[in-house]
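Here is what each chain is made of, one letter per residue.
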Amino acid sequence: MRWLMIGLLLLLLFFQYQLWLGEGGLAKKLTLEREVAEQEAQNETLQQRNQTLVSEVVDLKEGVESIEERARTDLGMIKEGETFFMVVEPEDQ
């Protein structure tokens, strides 16, 4: 009976070790849950960026104002009859 109790105790210790520290144990589970949460946050950020890009593409395809704004900001273009003023800030010393 004594050997049976020792054997069962050793078996219990082995299973506890596997549960807490073994491959696929609780430590690994917690690590994977943290990685999944980080990936979901990153996916949310990327989905928001994609939505912004989609709306910008739609606006560029359908709206003249967005094309005009791009030409003004990116290319420095102005309309006929407009006067361009460039304000230069003094350098901080």
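Residues numbered from 1 in each chain as written. Predicted model: local features only at pLDDT ≥ 70, side-chain atom pairs only at ≥ 80, totals over all residues. Heavy atoms only, no water.

### Focus: the packing of aromatic side chains
This model, assessed by the stated rule, comprises 1 aromatic pair. Aromatic pair Phe 14 and Phe 15: ring centres 5.6 Å apart, planes at 55 degrees, arrangement tilted. (Phe/Tyr/Trp six-rings, centres within 6.5 Å; stacked < 30°, edge-to-face > 60°.)

### Section: the pattern of salt bridges
Per the counting criterion, the structure on display carries 4 salt bridges. Residues Glu 33 and Lys 29 are paired through a salt bridge, measuring 2.8 Å at the closest nitrogen-oxygen approach. A residue pair is termed a helical-turn pair when its members lie 3 or 4 positions apart in one helix, as Glu 33 and Lys 29 do in helix H2 (residues 26-62) at 4 residues. Classification of Glu 33 as partly exposed rests on a relative accessible area of 42%. (Salt bridge = Lys/Arg side-chain N within 4 Å of Asp/Glu carboxyl O. Helix = DSSP H or I, 4+ residues; strand = E, 2+ residues; numbered from the N terminus. Buried < 20%, exposed > 50% of the residue type's maximum accessible area, 1.4 Å probe, protein only.)

### Points about a nonpolar patch on the surface
Together, Met 1, Leu 4, Met 5, Leu 8, Leu 11, Phe 14 and Phe 15 make up an exposed nonpolar region whose accessible area comes to about 790 Å². Its place among the elements puts Leu 11 in helix H1 (residues 2-20). Residue Leu 11 is classed as partly exposed on the basis of its relative accessible area of 41%. (Patch = residues over 30% accessible without salt bridge, like charges linked within 9 Å, V, L, I, M, F, W, Y side chains within 5 Å. Areas by Shrake-Rupley, 256 points an atom, 1.4 Å probe, with all protein chains shown as cover.)

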